[in-house]
Amino acid sequence: MGQLASFLTGIARVGGLSIALLMAASISGGLPANMASGLGTIAQAEEASSSVTVSSIDVQGNQRIEPETVRSYMIIQPGMPYSPELVDVSIKKLFDTGLFADITMTLEGSRLVVSVVENPVINRVAFEGNSAIKTENLDSEVQLKPRSIYTRSKVQSDVTRIIELYRRGGRFSATVDPKVIQLPQNRVDLVFEINEGPKTKISSINFIGNEEYSDSKLREVISTSESAWWKFFSSSDSYDPDRLTYDRELLRRFYLKNGYADFRVISAVADLSRDDSAFHITFTVEEGKIYKFGKIEINTKLEKLDKEMLASLVTTKEGDQYDASQIEKSVDALTYAAGTNGYAFAEVRPRVKRDREGQIINLVYQITEGPRVYVEKINITGNVRTLDRVIRRQFEMAEGDAFNRVLVDKSEKNIRALQYFAKVDITQQPGSAPDKTILNVNVEEQSTGSLSLSAGFSSVDSAVAGITLSERNFLGRGVQLSTSTSLSLRRQLIEFHYTDPYFLGRDLVGGIDLFGSETNYQSQASYDLRTIGGGFRFGFPLTDKSRLLTRYQLRNENIYNVDTYASQAVKDAEGTEVRSIIGYDYYYDGRNDPVDPTGGFDVLFSQDYAGAGGTVHYISSQVLVHTYLPITPSFLSSYRLDAGYIKGIGEDVSLNDRFFKGGNDFRGFKRGGLGPRDLASTNNDALGAQAYIFGSAELTIPNGLPEALGIKTSIFTDVGYIGIADYNKTTTPFAADDFAPRASAGLSIYWKSPFGPVRVDLSNVFLKEDYDETELFRFSAGTSF
């Protein structure tokens, strides 16, 4: 350190002398007397100070910082010749630490006195006036924390960051005023006083250059929307630059899907009004012309791949209108086919040959081996509640496996199917070597607990209500818990279900069920039913789309409080029975989306055998099929088939083992409102059916309401047959049991409200038996937490 100081001092001395000599030499005739005297004085002063050796360094004004710490940051040290240059460098280094608000150095004899004013320590950081952004979110964004050093530059940086957060939330008039409260011992409280201001809405969205599609149609394509009074639950009408970038991509996809291969967004500009109250957004586009697919070829040298088989997987056909989304689907299908045939690193590249004059897109799918790339690491972020292993077990690949884009997409679909997350995004980044890649999984947690309320109103003033409390992701372990309780006049129910979808750490389902209920069937069949029981379940996958679930239940059921004027068939069933039931469910899921399907189908087939102990013996079979078929982007049709049959083994089927259908099963009819019925009883008691087959067709239609409201409207028709019951025809001679057709039609309204799903069904029965009981209106609602 001493050698460095001597070196810097020598340079300064030589530099000053050289400048003086040069100035003197450049002036002919010598210098004026007064200037020559001044230069001599300066030279003498520098010589005097440089001849002083610093004997000690005294630090004054410090409170928390030790003097030795201050000296350690300085260049000039005791034993060095005093030099103004070294003092300047030392002051700068001390300021760079951020520990001091002011620093001065003075030479008193041979003693160098360093006077410092320390920056205060932050005792507390607080936010006032914030409601749109939570305090914990603001606290995580600012860099100043309790026990850190206060500096003005950091405060200003934090103010800028907070304002930026509010702007991204659509509040461009937000202001932040930092206040400093002085405390003893050189401590301060830092308070950010925030005036959030109103959200800066979007007044208008306009398009320039669009000829084929109107402005209103393109507004439906993008995610940003114009402000309206009814959008009090939506954030799409506030300006967000990231959303605007996403809208450019949505426009591009829309036009490329509809044949415009040359489409491009020239600009997307957001102009803020003069009063800063609203934005005016303008998209300038160039549509181009509509293209058609020309010649479609598949080119590959991979021996195991059959070109004819590959051609059958391609959805782009010669003569069809150009659709970029069909190219993506074809690439995925070809990649998956190559992977299943042993080419895990296959690359499918669509080569486009554009004929602008003929408006033709000729396409060649080039399939090559591709570089071998392996998954080095899978990083998961955003899962503040869900455990990593719950997400990792949904992956179709593991760290160290060969990378496959199709399997990555399938893994993303599996994670979305959990319904634990509002958003799932999987991205790639280069690994530590050219043949390695890192997968980054970013998720956004959503509420997985639900509190569901239901209510209904029938044509005979019958009201029902229920409450269900469930948690699909208990403690973030992917375990499902649910309990239902009903305390209505008709039914008192309590049940508990526990399901582990990865029992024993494997792709197995294990579960336990406990239940107890007392149900008033007086208005339906003139008796009350008490049920107590429990059971367990065990399931496993058969293929990637199908599962088998086995189960066992032991139930004690007691029919009691039978009305004096009840049907003889009901009186015969009075008493207690024990049911020991072994059953299974086979489920196949071929839907294109497990959450909001718009295509494909699923099948559920169930069978139960009662007789492994107990007092009741029967075999029951049921099947439920859903099919989804899109007609246009605005019209979606869905179809449902529901059928069941139960047969006693060596005995008649008991009353409460039969099928009591209606309500949500067959809209327009009360629950238990259709099927066999004893007309001689005072209440026209329902006897239940041993067989039924129902079909339903539903068409989702546009309702003219903005899509942001989340309200869907559909028209439906339900048709079917139900009947056949085991009862003593001698003692019940007036029972009506017609395996006859029934039919209804109506309107269904579904609202995915901020409080939970709401559904209203309005039904009109146009084909029924005289003894059937109907209802016009059914309502259900729920909420989530």
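Residues numbered from 1 in each chain as written. Predicted model: local features only at pLDDT ≥ 70, side-chain atom pairs only at ≥ 80, totals over all residues. Heavy atoms only, no water.

Novice: Looking at this structure, how should I read the overall build of the protein chain?
Specialist: Scanning the protein chain from terminus to terminus reveals 14 helices and 33 strands. By sequence separation, contacts in the protein chain at least 24 residues apart represent 58% of the contacts at least 6 residues apart. Accessible area of the protein chain: about 41,200 Å², with a carbon and sulfur share of 55%. (Helix = DSSP H or I, 4+ residues; strand = E, 2+ residues; numbered from the N terminus. Contact = heavy atoms within 4.5 Å. Areas by Shrake-Rupley, 256 points an atom, 1.4 Å probe, with all protein chains shown as cover.)

Novice: What is the right way to read the pattern of salt bridges from this model?
Specialist: When the charged atoms of two side chains lie near each other, side chains of opposite charge can form a pair. Summed over the entire model, instances satisfying the criterion amount to 39 salt bridges. For Asp-215, the salt bridge goes to Arg-219, with nearest N and O atoms at 4.0 Å. Taken together, the positions of Asp-215 and Arg-219, both in helix α7 (residues 215-221) and four residues apart, correspond to about one turn of that helix. Relative accessible area serves as the criterion here: at 23%, Asp-215 is assigned to the partly exposed category. The residue Glu-557 makes a salt bridge to Arg-555 at a minimum N-O spacing of 2.8 Å. Residue classification places Glu-557 among the buried residues on the basis of a relative accessible area of 6%. Within the structure, one salt-bridge network assembled from shared partners comprises Arg-667, Glu-698, Asp-718, Arg-759 and Asp-761. (Salt bridge = Lys/Arg side-chain N within 4 Å of Asp/Glu carboxyl O. Buried < 20%, exposed > 50% of the residue type's maximum accessible area, 1.4 Å probe, protein only.)

Novice: Where do I start with empty space enclosed by the protein in this structure?
Specialist: Over the atoms rolls a probe the size of a water molecule, and in doing so it shows where empty space is left. For the structure shown, the criterion picks out one cavity of 30 Å³ or more. What lines the largest cavity is Phe-659, Phe-660, Lys-661, Gly-672, Leu-674, Gly-675, Pro-676, Arg-677, Ala-686 and Gly-688. Looking at the lining of the largest cavity, its residues break down into five nonpolar, three polar and two charged. (1 Å grid on protein atoms, 1.4 Å probe; cavity = no way out; pocket = protein on both sides within 12 Å on 5 of 7 lines; lining within 4 Å. Points joined across faces, edges and corners; volume = space filled by probe spheres on them. Nonpolar A, V, L, I, M, F, W, Y, C, P; charged D, E, K, R; others polar.)

Novice: When you look at the sheet that holds strand β11 (residues 347-355) in this model, what are you seeing that I'm missing?
Specialist: One open sheet accounts for three strands, arranged β10-β12-β11; its pairing is mixed. Each edge of the open sheet is held by one strand with a lone partner, namely β10 (292-300) and β11. Averaged over all adjacent pairs, the angle separating strand axes in this sheet is 20°, with direction ignored. Here β11 pairs with strand β12 (residues 360-368) via nine bridges, running antiparallel. Following the sheet pairing, Asp-355 is matched in β12 by Ile-360. (Pairing = 2+ DSSP bridges. Axes fitted to C-alpha atoms, helices over the stretch in contact; angles between N-to-C directions.)

Novice: Looking at this structure, how should I read unusual backbone geometry?
Specialist: For residues that are not glycine, phi is negative in most cases, and the peptide bond is trans in most cases. In this model, Leu-475 sits at a positive phi of 55°, which is unusual for a non-glycine residue. Its location among the elements puts Leu-475 in the loop between β17 (463-474) and β18 (479-487). Backbone geometry places Asn-684, a non-glycine residue, at a positive phi of 50°. By secondary structure assignment, the location of Asn-684 is in the loop between β27 (677-678) and β28 (691-701). Residue Asn-684 is classed as partly exposed on the basis of its relative accessible area, which comes to 30%.

Novice: I tried to follow the pairing of strand β2 (residues 100-108) on my own but got confused; where do I start?
Specialist: Bridging between β2 and strand β3 (residues 111-118) involves eight bridges; their strand directions are antiparallel. By the bridge assignment for β3, Thr-106 is matched with Val-113. Count of turn residues in the β2/β3 antiparallel hairpin: two residues, of which Gly-109 carries a positive phi of about 70°.

Novice: Explain the environment of Val-114 here, please?
Specialist: The residue Val-114 is located in strand β3 in this model. Residue class for Val-114 comes out buried when judged on its relative accessible area of 0%. Taking C-alpha positions, Val-114 is 6.1 Å from Gln-60, a pair spaced 54 residues apart along the chain. In contact with Val-114, other than residues within four places in its own chain, are Ile-57, Asp-58, Val-59, Gln-60, Val-70, Met-74, Ile-103, Thr-104 and Met-105.

Novice: Mind showing me how you'd approach the sheet that holds strand β6 (residues 187-195) here?
Specialist: The pairing of strands in a sheet happens through backbone hydrogen bonds and is either parallel or antiparallel. Taken in spatial order, the three strands line up as β4-β6-β5 in an open sheet, and their pairing is mixed. At either margin of the open sheet sits one strand with a lone partner, and together these are β4 (121-128) and β5 (175-183). Across this sheet, the average inter-strand angle for adjacent strands is 20°, counted without regard to direction. Bridge count for β4 against β6 is seven bridges, and the pairing is parallel. Across the sheet, Arg-124 pairs through a bridge with Asp-189, a residue of β6.

Novice: I'm lost on helix α12 (residues 405-417) in this one. Help?
Specialist: In an α-helix, one turn spans 3.6 residues; hence positions three or four apart end up facing the same way. The first and last C-alpha atoms of α12 sit 18 Å apart over 13 residues, in line with the 18 Å expected at 1.5 Å per residue. Buried residues along α12 sit against α10 (324-340), α11 (388-392), β14 (421-430) and β15 (436-445). Looking one or two residues beyond α12, the residue adopting positive phi is Gln-419, at roughly 60°. (Expected span 1.5 Å × (residues − 1).)

Novice: Mind showing me how you'd approach the packing of aromatic side chains here?
Specialist: What describes a pair of aromatic rings is the distance from one ring centre to the other and the angle between the planes of the rings. One pass over the full model with this rule turns up 22 aromatic pairs. Between Tyr-521 and Tyr-527, the aromatic rings sit 5.2 Å apart at their centres with planes inclined by 35°, giving tilted as the arrangement. With a relative accessible area of 15%, Tyr-521 lands in the buried category. Here Tyr-527 falls in the buried class, since its relative accessible area comes to 2%. Within the aromatic cluster, the residues linked to one another by ring pairs are Tyr-213, Phe-254, Tyr-255, Tyr-260 and Phe-263. Looking at Arg-354, its charged tip hangs above the ring of Tyr-291, at a distance of 5.9 Å from the centre. Sitting above the plane of the Phe-716 ring, Arg-667 keeps its charged end 3.8 Å from the centroid. (Phe/Tyr/Trp six-rings, centres within 6.5 Å; stacked < 30°, edge-to-face > 60°. Lys NZ or Arg CZ within 6 Å of the ring centre and 35° of its normal.)

Novice: Could you clarify how one ought to interpret a nonpolar patch on the surface in this entry?
Specialist: A cluster of nonpolar side chains, contributed by Leu-641, Ile-693, Tyr-721, Ile-724 and Phe-739, occupies part of the molecular surface with about 420 Å² of accessible area. Relative to the elements of secondary structure, Ile-693 occurs in strand β28. (Patch = residues over 30% accessible without salt bridge, like charges linked within 9 Å, V, L, I, M, F, W, Y side chains within 5 Å.)

Novice: What is the right way to read helix α8 (residues 241-257) from this model?
Specialist: Compared with the 24 Å implied by 1.5 Å per residue over 17 residues, the 25 Å span of α8 between its first and last C-alpha is a close match. Those residues of α8 that sit buried are Arg-243, Leu-244, Asp-247, Leu-250, Leu-251, Phe-254, Tyr-255 and Leu-256. Close packing links the buried residues of α8 with β7 (201-208), α7, β8 (264-272), β9 (278-286) and α10. The N-terminus of α8 is capped by Asp-240, whose side-chain oxygen sits 3.0 Å from the backbone nitrogen of Asp-242. Immediately beyond the C-terminal end of α8, within one or two residues, lies Gly-259, with a positive phi of roughly 100°. (Polar contact = N/O pair within 3.5 Å; in protein donor to acceptor, adjacent residues only side chain to side chain.)

Novice: I keep staring at the environment of Ile-281 and nothing clicks. Help me out?
Specialist: Structurally, the position occupied by Ile-281 is in strand β9. It is 9.4 Å that separates the C-alpha atoms of Ile-281 and Glu-226, two residues lying 55 residues apart in sequence. Ignoring anything within four residues of it in the chain, the contact list for Ile-281 reads Ile-202, Ser-204, Ile-205, Asn-206, Thr-224, Tyr-239, Leu-244, Val-269 and Ala-270.

Novice: Would you mind going over the confidence of the model for the protein chain with me for this structure?
Specialist: Reading fine detail from the predicted coordinates is not recommended where pLDDT is low. Averaged over the protein chain, the pLDDT score is 83; the fraction of residues at 70 or greater is 89%. Scored below 50 in pLDDT, residues 1-48 shows 14 contacts in the model against residues more than four places distant or in partner chains. (pLDDT = per-residue confidence, 0-100.)

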